[in-house]
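Chains, contacts and geometry: an overview
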Amino acid sequence: MAEAPLPAIRSLPSWLLGRAAARGRALVAGALAAEGMKMWHHVVLSAVRDLAPVAQADLGRSIGLDPKDLVGILNDLQGAGLVVRAPDARDRRKNAVSLTDDGARLLARCEQAARAANDELLAPLTAAEREQFTGLLIRISGTDG
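Residues numbered from 1 in each chain as written. Predicted model: local features only at pLDDT ≥ 70, side-chain atom pairs only at ≥ 80, totals over all residues. Heavy atoms only, no water.

Quick notes on the sheet that holds strand 3 (residues 95–99)
Basically, it comes down to this: Following DSSP output, two strands are said to pair if at least two bridges run between them. Each helix corresponds to a stretch of at least 4 residues labelled H or I by DSSP, and each strand to a stretch of at least 2 residues labelled E; elements are numbered beginning at the N terminus. We call two residues in contact whenever any of their non-hydrogen atoms come within 4.5 Å of each other. Each axis is a line fitted through C-alpha atoms, taken for helices only over the stretch in contact, and angles between the N-to-C directions span 0 to 180 degrees.
A sheet is described by the order of its strands in space; here 3 strands give the open sequence 1-3-2, paired in antiparallel fashion. Among the strands making up the open sheet, the edge pair consists of strand 1 (54–55) and strand 2 (83–87). As paired strands, strand 2 and strand 3 are joined by 5 bridges and run antiparallel to one another. Residue pairing for strand 3: arginine 85 is matched across the bridge by valine 97. Across the face of the sheet, helix 3 (residues 39–51) comes into contact with strand 1, strand 2 and strand 3 while running at roughly 100 degrees to strand 3. Against the sheet, helix 5 (residues 67–79) contacts strand 2 and strand 3, and its axis sits at roughly 115 degrees relative to strand 2.

Points about the environment of arginine 85
Put simply, the rule is: Under this definition, polar contacts are N or O atom pairs within 3.5 Å; protein pairs additionally need one hydrogen-donor-capable and one acceptor-capable atom, and for neighbouring residues in sequence, both atoms have to be side-chain atoms.
If you trace the backbone, arginine 85 turns up in strand 2. Separated by 12 residues in the primary sequence, arginine 85 and valine 97 place their C-alpha atoms 4.6 Å from one another. Ignoring anything within four residues of it in the chain, the contact list for arginine 85 reads Gln56, Val71, Leu74, Asn75, Gln78, Asn95, Ala96 and Val97. A distance of 2.5 Å separates polar atoms of two side chains, one belonging to arginine 85 and the other to asparagine 75. A distance of 2.7 Å separates polar atoms of two side chains, one belonging to arginine 85 and the other to glutamine 78.

A closer look at the nonpolar core
What counts is decided by this rule: To qualify as a nonpolar core, a set must consist of buried Ala, Val, Leu, Ile, Met, Phe, Trp, Tyr and Cys residues joined through side-chain atoms within 4.5 Å. We call a residue buried when its accessible area falls under 20% of the maximum for its residue type, exposed when it is over 50%, and partly exposed in between, using a 1.4 Å probe and counting protein chains only.
The biggest cluster of nonpolar side chains holds 28 residues, and the ones touching the most others in it are Met37, Val44, Leu45, Leu59, Leu74 and Leu77. At the level of secondary structure, the elements contributing two or more residues to this core comprise helix 2 (13–33), helix 3, helix 4 (56–63), helix 5 and helix 6 (101–121). Among the elements that take part in this core, helix 6 stands out by supplying 7 residues, more than any other. Sequence-distant contacts of methionine 37, defined by excluding residues within four places in its chain, comprise Leu32, His42, Leu45, Leu82, Leu106 and Cys110.

Things to note about the side chain of threonine 100
Looking at where threonine 100 falls in the secondary structure, it is placed in the loop between strand 3 and helix 6. Residue classification places threonine 100 among the buried positions, given a relative accessible area of 17%. In contact with threonine 100, not counting residues within four places along its chain, are Gly81, Leu82, Val83 and Val84.

See the structure below:
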């Protein structure tokens, strides 16, 4: 099916970024699915690795995920033996989340799969163009990298 001729829209950087982002998400989601992982589950596992042990509330705030959604994802991850929740040593009223060894191994595979998907996304670019493109995205995204 041919795309509608909307040259004024299709030439906007915002539209092009949206298309590239959608393609990137689809490639990463497919790569993660091959490991039995969903996107948000991967994000949570990665954040737990970086922050652990981390209180659930702090974890949710760090990744911008609604507490109800986070509980569901943590239930899935704990049920699969990928994370553990235990009373927080600093505040026993809170749960602290940490990776299990299985969670760390799966996360390593998922990170490799996500890198490969991003390599596929950026395949048309040279190494220098990839570096420049990433730098430009950081500048316009409002993040500090």
